[in-house]
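# Residue-level structural notes
The residues making up each chain are set out below.
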Amino acid sequence: MSKESQKKSSNPASYGKAGRNRLATAAKKAVTKTAKPAAAKKSASAKAPKSKASAKTSAKPVAAKSAAPKAAKTLKAPTAKPAAAAATTSGLAEGAKAPAFKLPRDGGGTASLADYAGKKLVLFFYPKANTPGCTKEAIDFTRLSKEYAAAGTAVLGVSADSVKAQDNFRDKHDLAVPLISDETHEMLEAYGAWGEKSLYGRKFLGIIRSTVLIGADGRVAKVWRNVKVDGHADAVLAAAKQL
């Protein structure tokens, strides 16, 4: 190569337009390579705050969920229903005047408190005619009916069964005590024999097996609640004899 051509190759100005374009392209690539790490750093630094912010926002729902059960617990307050049921079953106090009643009975006709004025009276409230416990209780009072009469005490059975059901109950078991039909629960509620009951964890309203002994003065002498049938008629008779 001649000295002149060597000078041209070493002199950038001698490259011409094409040479200058190649140099400009190479310079741009160098700038781009050096700018990418900086941009990557910026993007990384920009992502970091976003992740913190997203972490904060994602933490808020978790806190809300964890607080929800606590709020639910505070809302579980005792209701007034048990108290109302208790008031119903304990509303008749010993020594109080017996509530008046006049209701249909088996065989037709009616039975009222006034019919037994000046006499001792036993009212036994049973849940349902022809069920095992109620049948045994009614038979026991029938068995002792003469002894009750000798003690100057009348006996009446009361349930929410219809008159027809009471007639069937009487005939099927040869019962000798009158059976009152209180389908509206008016007398049952007045004597505290209607209230909240529980069976296999299920609560419902119904007749609470109860017995009330009324003295000749028309006042409540004794009240039995949640009666156990075995021996109950005998215990009531003993209490009636002591009046």
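Preceding this section is the structure that the text describes.
Residues numbered from 1 in each chain as written. Predicted model: local features only at pLDDT ≥ 70, side-chain atom pairs only at ≥ 80, totals over all residues. Heavy atoms only, no water.

## Digging into the packing of helix α4 (residues 132-143) against helix α8 (residues 232-242)
Where α4 contacts α8, the axes come no closer than 8 Å and their chain directions differ by 40°. Between α4 and α8, the angle is such that the two are oblique. Of the two possible hands of crossing, α4 and α8 adopt the one that is right-handed. Taking contact as the criterion, the partners of Glu137, Asp140, Phe141 and Arg143 in α4 are, on α8, His232, Ala233, Asp234 and Val236. Considering only residue class, the contact of α4 with α8 consists of three nonpolar, one polar and four charged. (Axes fitted to C-alpha atoms, helices over the stretch in contact; angles between N-to-C directions. Helix = DSSP H or I, 4+ residues; strand = E, 2+ residues; numbered from the N terminus. Parallel < 35°, antiparallel > 145°, perpendicular 65-115°, else oblique. Left-handed = near helix turned anticlockwise from the far one by under 90°. Contact = heavy atoms within 4.5 Å. Nonpolar A, V, L, I, M, F, W, Y, C, P; charged D, E, K, R; others polar.)

## A look at the sheet that holds strand β5 (residues 179-181)
Taking strand neighbours across the sheet as the criterion, the five strands line up as β5-β4-β3-β8-β9 in an open arrangement whose pairing is mixed. The sheet is open, and its two edges are formed by β5 and β9 (220-225), each paired on a single side. Ignoring which end each strand starts from, the neighbouring axes of this sheet average 20° apart. Judged from the six bridges that link them, strand β3 (residues 120-125) and strand β4 (residues 153-159) form a sheet pairing that is parallel. (Pairing = 2+ DSSP bridges.)

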